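An overview of the molecular structure
Take a look at the letters that make up each chain.
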Amino acid sequence: MNHKTILLILFIGLFIHGKGQSNETISLDKEKKNSIFFAPYNFVSDIINPSIQIGYERMLSDKYAIQVEGAYIMTNFMFPLMELTVGDKLPYTSNGFKIRAEFKYFVSSHEHYKTYLSCELFYLKNKSYTSDYFNVSDTSFTYSSDAHFDDGAYWEDFINDKQKYGLNLKFGMKFFLGKWFFIEPHVGIGIAYRISKQYDRENLNDPLLFKLLSFGNRPGAMIIPNFPINVKLGVRF
C-alpha cells in the first residue's frame, strides 16, 4: 500500500469521524436541555404535608439528566373550612419545606414521550399544630382541664416536629405536549429515616390510642418505607 492510498484512507476516516461528531452536536443542540415544572398533585396527595412544589431539570446528554426541587409546605391548606371539632375548634396548621435532588437515566426516547429510571435523595421538615387521641399510662397523673377525656382516653392539641431523610428509586414517563410543554407522571419505592418530636403535651409517656391511623404523629426515630407518586406539569426551553 503506497503513501497516497494511506493518506486517502486517513482523510476519509477523519471526514467520517468529523461528520459524525457534527451530526451528534446538532442532534444535542436540537434537544431542549432545560425544563421547569410544577407539581399540583402535592396539594391533595399529601394531606399531612400539602405543599407548593417547583423544580428545574437539566439534560446532561440524550440519556442523562439532573433535577432539583423545592417545596413550601402550606400553613393551613387542607383544613381552612374543615375544623376538627372535639371540644374546642382546632384548625390544622403546619410550617416547613421539602427539598429533593434526582439523577435520571432515560431508558427509551420516542417522538412523543420518554421513559426513565431515577434515583432521588430528599429531605422534609414540618412543624405542625395538630391533635390526636392518647391512652392514659399513669392514673395518678394530674391532667389539666384542656384534656378532653372519653372512655379512659383523651383528645389533645399539641405540636409535632418532624424531619425525614430518604432515598427513592423511581420510574417515570415524560409525555410531550407540543413543542414546549410536557406532563410527567412517576411512581417509586424508597426508604426514609424519620425523626418526630412532640411538644406541649400533657404527659409525654401517654401512647397514641390509634397506632396505625395516627402513624404520622408517632414520636421517635424510625426507618419507614416510602412510596413516591406524583404528576408534574412543565415547560422545556
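Residues numbered from 1 in each chain as written. Predicted model: local features only at pLDDT ≥ 70, side-chain atom pairs only at ≥ 80, totals over all residues. Heavy atoms only, no water.

Structural notes on the overall build of the protein
Stated precisely, the cut-off is as follows: Helix and strand definitions here come from DSSP, where helices need a minimum of 4 consecutive H or I residues and strands a minimum of 2 consecutive E residues; each element is numbered from the N-terminal end. Each residue is assigned to one of three classes by its accessible area relative to the maximum for its type, calculated with a 1.4 Å probe on protein chains only: buried under 20%, partly exposed between the two thresholds, exposed over 50%. In this analysis, two residues are considered to be in contact whenever any of their non-hydrogen atoms come within 4.5 Å of each other.
Counting secondary structure elements, the protein contains two helices and twelve strands. Helices (α) and strands (β) of the protein occur, in sequence order from the N terminus, as α-β-α-β-β-β-β-β-β-β-β-β-β-β. Taken over 237 residues, the protein has a buried fraction of 36%. Intrachain contacts of the protein at a sequence separation of at least 6 include 69% that bridge at least 24 residues.

Comments concerning the pattern of salt bridges
Worth spelling out the cut-off: For this document, the term salt bridge refers to a Lys or Arg side-chain nitrogen within 4 Å of an Asp or Glu carboxyl oxygen.
For the structure shown, the criterion picks out nine salt bridges. Here Glu120 and Arg100 are joined by a salt bridge, their closest N and O atoms 3.0 Å apart. Of the two residues, Glu120 sits in strand E7 (residues 113-135) while Arg100 sits in strand E6 (residues 93-109), which places them 20 residues apart along the sequence. Here Glu120 falls in the buried class, since its relative accessible area comes to 1%.

As for the confidence of the model for the protein
Detailed reading of the predicted model is not advised wherever pLDDT is low. Put simply, the rule reads: Confidence of the predictor at the level of single residues is captured by pLDDT, which takes values from 0 to 100.
Per-residue confidence for the protein gives a mean pLDDT of 81; residues scoring 70 or more make up 78%. Low pLDDT, under 50, characterises residues 3-12; the predicted model gives this stretch two contacts beyond four residues in sequence or across chains. Taken as a whole, residues 14-29 scores under 50 in pLDDT and shows three contacts with residues more than four places along the chain or in a different chain.

A few points about the pairing of strand E9 (residues 153-177)
What counts here: Two strands qualify as a pair provided DSSP detects at least 2 bridges between them.
Of the strand pairs in this sheet, E7 and E9 are connected by 23 bridges, and their pairing is antiparallel. Looking at the pairing, Tyr133 lines up with Trp155 of E9. As paired strands, strand E8 (residues 148-150) and E9 are joined by three bridges and run antiparallel to one another. Among the inter-strand pairings, His148 is bridged to a residue of E9, identified as Trp155. Hairpin connection between E8 and E9: a loop of two residues separates the two successive antiparallel strands, and Asp151 in this loop has a positive phi of roughly 55°.

Brief notes about the pairing of strand E10 (residues 181-199)
Two strands pair when backbone bridges link them, and E9 and E10 are joined in this way by 17 bridges, in the antiparallel orientation. Bridge pairing in E10 places Asp161 opposite Lys197. What sits between the antiparallel neighbours E9 and E10 is a turn of three residues, in which Gly178 has the positive phi angle 80°. Two elements, E10 and strand E12 (residues 229-236), share seven bridges in a ladder whose sense is antiparallel. Its bridge partner lying in E12, Phe181 is registered against Val235. Of the strand pairs in this sheet, E10 and strand E11 (residues 220-226) are connected by seven bridges, and their pairing is antiparallel. Each bridged residue has a counterpart across the sheet, and for Gly190 the counterpart in E11 is Asn226.

Focus: the side chain of Lys104
Note the cut-off: By the criterion applied in these results, polar contacts are pairs of N or O atoms within 3.5 Å in which, for protein atoms, one can donate a hydrogen and the other can accept it, and in which residues neighboring in sequence qualify only through two side-chain atoms.
Mapping Lys104 onto the fold places it in strand E6. Engagement of the side chain of Lys104 in a polar contact is seen with the side chain of Gln67, the distance being 2.9 Å. Those residues within four positions of Lys104 in sequence are excluded, and the remaining contacts are Glu57, Lys63, Tyr64, Ala65, Gln67, Tyr116, Leu117, Ser118 and Glu184.

Quick look at the packing of aromatic side chains
Just so we agree on the cut-off: Pairing of aromatic side chains requires ring centres within 6.5 Å, counting the rings of Phe and Tyr and the six-membered ring of Trp. Pairs whose planes differ by under 30 degrees are stacked, by over 60 edge-to-face, and all others tilted.
Inspection of the entire model under this criterion finds 14 aromatic pairs. Aromatic side chains Tyr64 and Phe103 sit 5.7 Å apart centroid to centroid with 25° between the ring planes, which places their arrangement in the stacked category. You can see Tyr64 sitting in strand E3 (residues 64-73) and its partner Phe103 sitting in strand E6, a full 39 residues away along the chain. Taking the centre distance of 6.0 Å and the plane angle of 85° together, the rings of Tyr133 and Phe210 count as edge-to-face. With Tyr133 in strand E7 and Phe210 in the loop between E10 and E11, this pair connects stretches of sequence that are 77 residues apart.

Focus: a nonpolar patch on the surface
In plain terms, the rule: Patch members must show over 30% relative accessible area and no salt bridge, and they are joined within 9 Å when carrying like charges or within 5 Å when they are nonpolar side chains of Val, Leu, Ile, Met, Phe, Trp or Tyr. The method behind every accessible area is Shrake-Rupley, applied with a 1.4 Å probe, and residues are considered shielded solely by the protein chains displayed.
A contiguous nonpolar surface patch, about 970 Å² in accessible area, is contributed by Tyr41, Leu60, Tyr64, Ile66, Phe103, Tyr105, Val107, Leu117, Phe171, Val187 and Ile229. Breaking the nonpolar patch down by element, the ones donating at least two residues are E3 and E6. If you tally residues by element for the nonpolar patch, the top one is E6, at three residues. Here Phe171 lies in strand E9.

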